[in-house]
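Geometric and topological summary
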Amino acid sequence: MRQFLDLKDKHPDGILLFRCGDFYEVFFEDAVIAARALDLTLTSRDKGKPDAVPMCGVPYHAIRGYIAKLTELGHKVVIAEQTEDPKQAKGLVRREVVRIVTPGIVLDDDVLEPKRARYVMAIVPGAKDSGMVGVAHLDATTGELASTVLTAPTLIDELMRVAPREVIVAPEFLGDSVKAQQLATVRTRSRVPWNAAPVPDEAGARRELGALVVVESPAALANRDLAIRAAAAVVAYARSTQPTGTLPIARLQLYQPGDSVVLDEAAIANLELVETLIGRHKQGSLLDVIDATATAPGGRLLRRWMLYPLIDVEKIRRRQDAVAWLVERPALLETIRRSLSRSADLERLAGKATLGVATPRDLGRLREALNQLPELIALVASGRDNKLAELPALLDLAACADAALPTIAARLGAALVDECPALLKDGGVIRAGYDPAVDECRRLADGGKDEILAIELREQKASGIANLKVRYNRVFGYYIEITKSQLQKVPASYVRKQTVATGERYVTSELAELERRVLTAEETLAAREAELFRAEVTAVADVAREVSAAGAALAILDACASLAEVAARRGYCRPTVDDGFALEITDGRHPVIEAMLPAGTFVPNDCRLDPDAEQLVLITGPNMAGKSTYMRQVAQIVLLAQIGSFVPAKAATIGICDRVFTRVGAADNLSRGDSTFMVEMRETASILSTSTRRSLVILDEVGRGTSTFDGVSIAWAVAEYLHDSIGARTLFATHYHELVSLADSRPRVRNVSVAVREHKGEIVFLRRVVAGGANKSYGIDVARLAGLPKSVIARSRTIMSQLETGSHAVGLGTSPQLTLLPSAEPSPLRSRLLGIDVERTTPLEALALLAELKTLV
Ligand SMILES: Nc1ncnc2c1ncn2[C@@H]1O[C@H](COP(=O)(O)OP(=O)(O)OP(=O)(O)O)[C@@H](O)[C@H]1O
Ligand SMILES: [Mg+2]
């Protein structure tokens, strides 16, 4: 218990799993939490006594599943192993913490998602009132480390984009302190566990990062120190979880929001870049449509590309060149993808070797993958139509040709068996003939037949007893049996053990020694295999950088091949990307909806936006016509173009966008404690304050969430502001047909509408975007299509026609209880008027009446 409490003292914030023989035991409060989380029986130590300690236990072989469950629930799990052999221990067996598994730092393949990095993020607010925040994220499995500085309000956007599984902050930012309040809303919206970790100062940060290569952001980073401290905090935290292993971090990438297209939380969510709005599934997202990657690192890279679209035309063209080159060589593309699908996750395997957690199977896979590299290099090279033609820069596999790779592959080939077992403890890892000690142990473990035969032959010769036999039984172990007739030739060194009917049995010191070796052979074998295997792991760790660089090169090839495959399969075109401002799409399609509909049924549409001419396109049209689809499709096409992908269109010219904003639909944010309208207005405010002439702004029914007059007024003013003050390319869908007249007063506003046709009283959706505004909403027709009861539809039509003719006392005739305006109290004027009998009134009386009536008004 003492030992437990000591360890617990050092790790107060994790659930301590304490190894005791075949079990991991959990005590005290940890036991209560674990028992509840894992559905285990809670018992207690020293049952019945007043100071009984609650405890529960899990068998060691099932531990992975339990750890996975606890971390998925957001817990930190501290694993204390016995670090000396219980047989040799004097007194208490030594136990040490060998690993800490946290929600963000997991090394178990069963828990990791192959095509997703698993990030832990450090958030370090800058000096008071600076409004700046250092943010770093690390994937401990590959060592990917990046860091930046943001303004506080954009923190949530980056958090959504990186989607870490765990956030760490200095302790004072947790709990109820004043400092904690600063980050409280971000924390509740992040939906992941936040844990405390120390944040080093600048000097400490430099020490922590040591010799790490720092890759600077293209534009110098203001407040760079804050980014460095955040990186150091996340590295220190990760290191503290691996007391026995080294993290595979080689580089710190500094970046800043302006290096790529700025996407806020709303844009990432509304455009469904990596997951759907409802349900948050990858399936149905834009990434899902373009992800035909054959490898896990390729999948991770493509996801990154999707979330960080480029703004540098040169870089975009380089990706396009690679994709185009592959599209032009369909047969080669197919072969490359097939070859890639047999490859392995080199980045994670290199990481596991560095961390010292690689299994024999891991190294076996690594060897296979390394051996396959020459084939891939040759494949790509074979696509060069003549020797002088250059390969697209991104498809250069030079990193895969590093001399260190075949060397390590050959080493693994020599040392490890062909079919590597899953785990080291399964044995049979080292190849026969590689190590004499292993070979001998194996022979011995198998009964030492060769040794016995050798001894037998030698003793036969030496003694001249031709029928001398070496035998074995349970009681004596190895012995020499000599028949009665030969007893006189027995050498003096033999020690007699037993007399049997046919002769005598002897042992020799040599046999005793052999026996000892046979009996310990398995243990010696296991230890020797482990030793040799660890040497292989270390050898791989020594070239981890080269291995992971090769992995990175393959990831790029795979991501490009994926884009090429999708482009070919779905008939995408290569867009012209330039530094201009015009956006011109011919026959564009919505990549996701197109993929869901039967081939050829999606109706393509053009789009033209240009800050100098058609800057703000106002889209009107009936419900269900396709307004939202059209606007999203434009935004998705722009983003696809800027990640270097081909796009679903016949032709496209994309003048680079620096930011893409969306205000789409009425996404409910009740969970955040804000009303729909509040969120809508906040997003709109952020668009108006941060968009530029280079931005693309998508506004879908702004103002819908409030009364009609308020809504129209807000929508109108927002549109004017975008036109007059910002000049951003804007698509603006609205049901407020009043806005159509904006085009009369504003030169760069264009009206388009999505066409429908009425056919025998039915509404037919044409899905075509045509010039000019719409004047009818067909809301009731759509409601009827949706199955609203006939009586409700009929009543809607009545109310609408009365509203349209300006008659406010709707429905008075048919159902008085439904009047919209309460009938007024009879006014004195009215009573007086009704009381006049015109027939009997003289002209003079009429004049007097008129004067009287005037007083009543
Ligand atoms: N170009 C198209 N080709 C084929 N189907 C389309 C097309 N555009 C839209 N659709 C289909 O029509 C449905 C409705 O489209 P969308 O949501 O864009 O309409 P909307 O005009 O925004 O309606 P509302 O005014 O009610 O928001 C889509 O879910 C899609 O299935
Ligand atoms: Mg819509």
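Residues numbered from 1 in each chain as written. Chains lettered and ligands numbered in written order. Predicted model: local features only at pLDDT ≥ 70, side-chain atom pairs only at ≥ 80, totals over all residues. Heavy atoms only, no water.

1. Re the site of ligand 1
Our working definition: For this description, a residue counts as near a given molecule or strand if any of its non-hydrogen atoms is within 4 Å of it. Any pair of N or O atoms that falls within 3.5 Å is considered a polar contact. Within protein, one atom must be able to donate a hydrogen and the other to accept it, and sequence-neighbouring residues count only if both atoms are side-chain atoms. Here a helix means four or more residues in a row that DSSP labels H or I, a strand means two or more in a row labelled E, and each is numbered from the N terminus.
The environment of ligand 1 is formed by 14 residues, the closest being Val 603, Met 624, Lys 627, Ser 628 and Thr 629. Between an oxygen atom of ligand 1 and a side-chain N or O atom of Ser 628, the distance comes to 2.7 Å. With three residues, the top contributor of residues to the shell around ligand 1 is helix H21 (residues 627-642).

2. Digging into the sheet that holds strand S23 (residues 651-655)
Defined as follows: The pairing criterion for strands is at least two bridges between them, as found by DSSP. Orientation is described by axes fitted as lines to C-alpha atoms, over the contacting stretch for helices, and by angles from 0 to 180 degrees between their N-to-C directions. Note on contacts: a residue pair is in contact if any heavy atoms of the two residues lie within 4.5 Å.
Pairing within the open sheet is mixed, and its four strands lie in the order S19-S23-S20-S21. Two strands bound the open sheet, and with one partner strand each, they are strand S19 (576-578) and strand S21 (605-609). For this sheet the average axis-to-axis angle between neighbouring strands, irrespective of direction, equals 15 degrees. When strand S20 (residues 583-588) meets S23, the two strands line up antiparallel, connected through four bridges. The residue bridging Ile 585 from the neighbouring strand is Ala 652, located in S23. The sheet strands contacting H21 are S19, S20, S21 and S23, and the helix crosses S20 at an angle near 110 degrees.

3. Topic: helix H11 (residues 313-327)
As a reminder, the rule being used: Here the expected span of a helix is defined as 1.5 Å times the quantity of residues minus one. Accessible area is worked out with a 1.4 Å probe on protein chains only. A residue is then buried under 20% of its type maximum, exposed over 50%, and partly exposed in between.
With 15 residues, H11 should reach 21 Å at 1.5 Å per residue; the first-to-last C-alpha distance of 20 Å fits that figure. All buried positions along H11 are accounted for by Val 313, Ile 316, Arg 319, Gln 320, Ala 322, Val 323, Ala 324, Trp 325 and Leu 326. Check the buried side of H11 and you find it contacts helix H10 (296-307), helix H12 (330-341), helix H14 (360-382), helix H19 (544-570), S19 and H21.

4. Regarding the packing of aromatic side chains
How we decide: When the centres of two rings from Phe, Tyr and Trp lie within 6.5 Å, Trp using its six-membered ring, the rings pair. Their planes under 30 degrees apart give stacked, over 60 give edge-to-face, and anything left gives tilted.
Taken as a whole, this structure holds seven aromatic pairs when the rule is applied. Measuring from centroid to centroid gives 6.4 Å for Phe 18 and Phe 27, while their planes differ by 65 degrees, and the two rings are edge-to-face. For Phe 18, a relative accessible area of 6% gives the class buried. Arranged with centres 4.9 Å apart and planes meeting at 55 degrees, the rings of Tyr 472 and Tyr 478 form a pair that is tilted. Judged by its relative accessible area of 47%, Tyr 472 falls in the partly exposed class. Given a relative accessible area of 5%, Tyr 478 falls into the buried group.

5. Quick look at the domain arrangement of the protein chain
What counts is decided by this rule: Domain ranges listed in this record stem from an automatic or a database domain assignment. The term buried area means the drop in 1.4 Å probe accessible area that two parts suffer when joined, counted for both and summed.
Domains assigned within the protein chain are domain 1 (2-101), domain 2 (119-259), domain 3 (320-570), domain 4 (576-783), domain 5 (789-818) and domain 6 (824-857). The C-alpha-based centres of domain 2 and domain 3 are spaced at 41 Å. Between domain 2 and domain 3, the residue contacts involve ten residues of the former and six residues of the latter. Taking both partners together, domain 2 and domain 3 bury about 670 Å²; carbon and sulfur atoms supply 61% of that area.

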